[in-house]
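So the chains spell out like this:
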Amino acid sequence: MFHEKLRLFSGTSNPPLSQAICDHIGQPLGDLYFQRFSDGEIFIQVKETIRGHDAFFIQSTSRPANANLMELLIFIDAAKRASARNICVVIPYFGYARQDRKSAGRTPISAKLVADLISRAGATRVLTLDLHATQIQGFFDIPVDNIFAIPLFGKDIEERSDLDDIMIVSPDVGGVVRARALANRLHVDMAIVDKRRPAPNVAKVMNIIGDVSGKHCILIDDMVDTAGTLCGAAEALLEQGATKVSAYASHGVLSGPAAERLAASNLHELVITDSILQPEAVLNTGKVRIISIASLMGEAITRIYDARSISSLYE
């Protein structure tokens, strides 16, 4: 259905997802002009009237994180100066979310800084998917809708797996709430991988809490970066008697050696959403399957525009 005062625009981080969202809603993708100067400066011009309209800008702040974030901020300023009625930034993957607290002395809380930048630039609302830490919503001085991929994952598991053999596994203690939500939805048992992280992007699996013998273990996480934790957890679960190990993650950051690790691992499958556009190296591992969040995000956008409830999307 066409909405007269709704305008959807795409950044350059993930155009296929933006187009899929527009196709679901039945709205055309808005016309933007992008230019990057030779020194790296970004220029954006909105090529259509948005005065008095609700402008939604779809942009994951994934790699290159700083360029994509700056692009987002520049669009907000352009839309504000074009007299948009509301400016909602749709950030399927919110970068810098892992820096949500002071982890040591003299360190920044970069997630709060990014939230301040978005708010001060002129955004009136944020729509995102599976924030790394839900308390980041409190960093913003504007409304934040944080929707979840758990319903999508639950439906996919039900359609593809025998629930009698399933064990949902949290890859660390911090992910227990997410894993329990999925386990409760599927009415299956849950286990926990106890790990220690001696350095950033380095994880050492210690032991497994729970009996996984004879089970198809499904790891559930909000993001996979270098895949070290994931591959280590898969090996530990198999050593403890798991028959097969799969994994589901909302965001496939998959940086550095991730593709090589996945290809060489005993992980049966990694299922991620299309919140981040994946390079060929990841797609060619033979271990990665992507499910789309376009319908979920599209429905959330229309509900925001129509001032309807969003929480019922994932209840």
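Residues numbered from 1 in each chain as written. Predicted model: local features only at pLDDT ≥ 70, side-chain atom pairs only at ≥ 80, totals over all residues. Heavy atoms only, no water.

Describe in detail the overall build of the protein chain, supporting the description with residues and values.
Each helix and strand counted, the protein chain has 9 helices and 14 strands in total. Here the protein chain has a C-alpha radius of gyration of 20 Å; the compact-globule value for 315 residues is 20 Å, and the two agree. Counting only contacts in the protein chain whose residues sit at least 6 apart along the sequence, the fraction spanning at least 24 positions is 63%. For the protein chain, the accessible area works out to roughly 14,200 Å², and carbon and sulfur atoms hold 50% of it. Counting 32 positive and 36 negative side-chain charges, the protein chain places the averaged centre of each group 6 Å from the other. (Helix = DSSP H or I, 4+ residues; strand = E, 2+ residues; numbered from the N terminus. Rg over C-alpha atoms; globule rule 2.2 N^0.38 Å. Contact = heavy atoms within 4.5 Å. Areas by Shrake-Rupley, 256 points an atom, 1.4 Å probe, with all protein chains shown as cover. Lys, Arg positive; Asp, Glu negative; His and termini not counted. Charge placed at Lys NZ, Arg CZ, Asp CG, Glu CD.)

Let's hear about the packing of helix H4 (residues 150-160) against helix H5 (residues 176-186): which residues, and what values?
For the pair H4 and H5, the least separation of the axes is 10 Å and the interaxial angle reads 45 degrees. Our classification of the angle between H4 and H5 gives oblique. Crossing angle aside, the handedness with which H4 passes H5 is right-handed. Packed against H4, whose contacting residues are Ile150, Pro151, Gly154, Ile157 and Glu158, the element H5 presents Arg178, Leu182, Arg185 and Leu186 at the interface. Counted by class, the contact of H4 with H5 contains 5 nonpolar, 1 polar and 3 charged residues. (Axes fitted to C-alpha atoms, helices over the stretch in contact; angles between N-to-C directions. Parallel < 35°, antiparallel > 145°, perpendicular 65-115°, else oblique. Left-handed = near helix turned anticlockwise from the far one by under 90°. Nonpolar A, V, L, I, M, F, W, Y, C, P; charged D, E, K, R; others polar.)

How would you explain the pattern of salt bridges if you had to name every residue and give the values?
Tallying each qualifying case throughout the model produces 15 salt bridges. Measuring nitrogen to oxygen at the nearest pair gives 3.5 Å for the salt bridge that ties Arg160 to Asp156. Note that Arg160 and Asp156 are positioned in helix H4 at a spacing of 4 residues, about one turn of the helix. Judged by its relative accessible area of 55%, Arg160 falls in the exposed class. With a shortest N-O distance of 3.6 Å, Asp306 and Arg308 are connected by a salt bridge. Using a relative accessible area of 42% as the deciding quantity, one classes Arg308 as partly exposed. (Salt bridge = Lys/Arg side-chain N within 4 Å of Asp/Glu carboxyl O. Buried < 20%, exposed > 50% of the residue type's maximum accessible area, 1.4 Å probe, protein only.)

Which residues make up the packing of aromatic side chains, and what are the values?
In total, this model carries 5 aromatic pairs according to the counting rule given. Here Phe9 and Phe75 contribute two aromatic rings whose centre-to-centre distance is 5.5 Å and whose plane-to-plane angle is 45 degrees, an arrangement assigned as tilted. Residue Phe9 is found in strand E1 (residues 6-10), and its partner Phe75 is found in helix H2 (residues 65-81); the two are separated by 66 residues along the sequence. Here the two residues Phe9 and Phe75 agree in accessibility, since each one is buried. Plain terms: the ring middles of Phe57 and Phe75 are 4.2 Å apart, the flat faces sit at 10 degrees to each other, and that makes the pair stacked. (Phe/Tyr/Trp six-rings, centres within 6.5 Å; stacked < 30°, edge-to-face > 60°.)

With reference to specific residues and values, describe the state of the cysteines.
Tallying each qualifying case throughout the model produces 0 disulfides. Here Cys22 stays unpaired: no disulfide links it, and the sulfur of Cys88, its closest cysteine neighbor, is 13 Å away. Judged by relative accessible area, which is 1%, Cys22 ranks as buried. Cysteine Cys217 remains unbridged, with the sulfur of Cys231 as its closest cysteine sulfur at 15 Å. (Disulfide = S-S within 2.5 Å.)

Describe the sheet that holds strand E6 (residues 125-129), listing the residues and the values that go with them.
Taken together, 5 strands build an open sheet; the order of strands is E1-E4-E5-E6-E7 and the sheet is parallel. Two strands close off the open sheet at either side, each with one partner strand: E1 and strand E7 (144-147). Each strand axis lies, on average, 15 degrees off the axis of its neighbour in the sheet, ignoring direction. Note: E1 against strand E4 (residues 54-58), 5 bridges, orientation parallel. In the sheet register, Arg7 faces E4, and the bridge partner there is Ala55. Running over the sheet, H2 touches E1, E4 and strand E5 (86-91) and is turned about 165 degrees from E5. Each of E1, E4, E5, E6 and E7 touches helix H9 (residues 294-306); the most contacted strand, E6, lies at about 160 degrees to it. (Pairing = 2+ DSSP bridges.)

How would you sum up unusual backbone geometry? Please name residues and give values.
Glycine aside, the phi torsion of most residues is negative, and most peptide linkages are trans. Each neighbour pair has its own omega, and for Arg63 with Pro64 the value is -10 degrees, a cis peptide bond. Its place among the elements puts Pro64 in the loop between E4 and H2. Phi is positive for Arg106, which is not a glycine, with a value near 60 degrees. Along the chain, the position of Arg106 falls in the loop between E5 and helix H3 (110-121). Given the relative accessible area of 83%, Arg106 is considered exposed. With a phi close to 70 degrees, Ala227 is a non-glycine residue in the positive phi region. Among the structural elements, Ala227 can be located in the loop between strand E11 (216-224) and helix H6 (228-239).

For the nonpolar core, give the residues involved together with the corresponding values.
The biggest cluster of nonpolar side chains holds 39 residues, and the ones touching the most others in it are Leu127, Ile168 and Ile301. Broken down by element, this core gets its largest block of residues, 7 residues, from H9. Ignoring sequence-local partners within four residues, the contact set of Ile301 consists of Leu6, Leu8, Ile21, Ile25, Phe56, Val90 and Leu127. The next biggest cluster of nonpolar side chains, apart from the first, holds 35 residues, and it includes Phe57, Leu69, Ala111 and Ala121. (Core = buried A, V, L, I, M, F, W, Y, C linked by side-chain atoms within 4.5 Å.)

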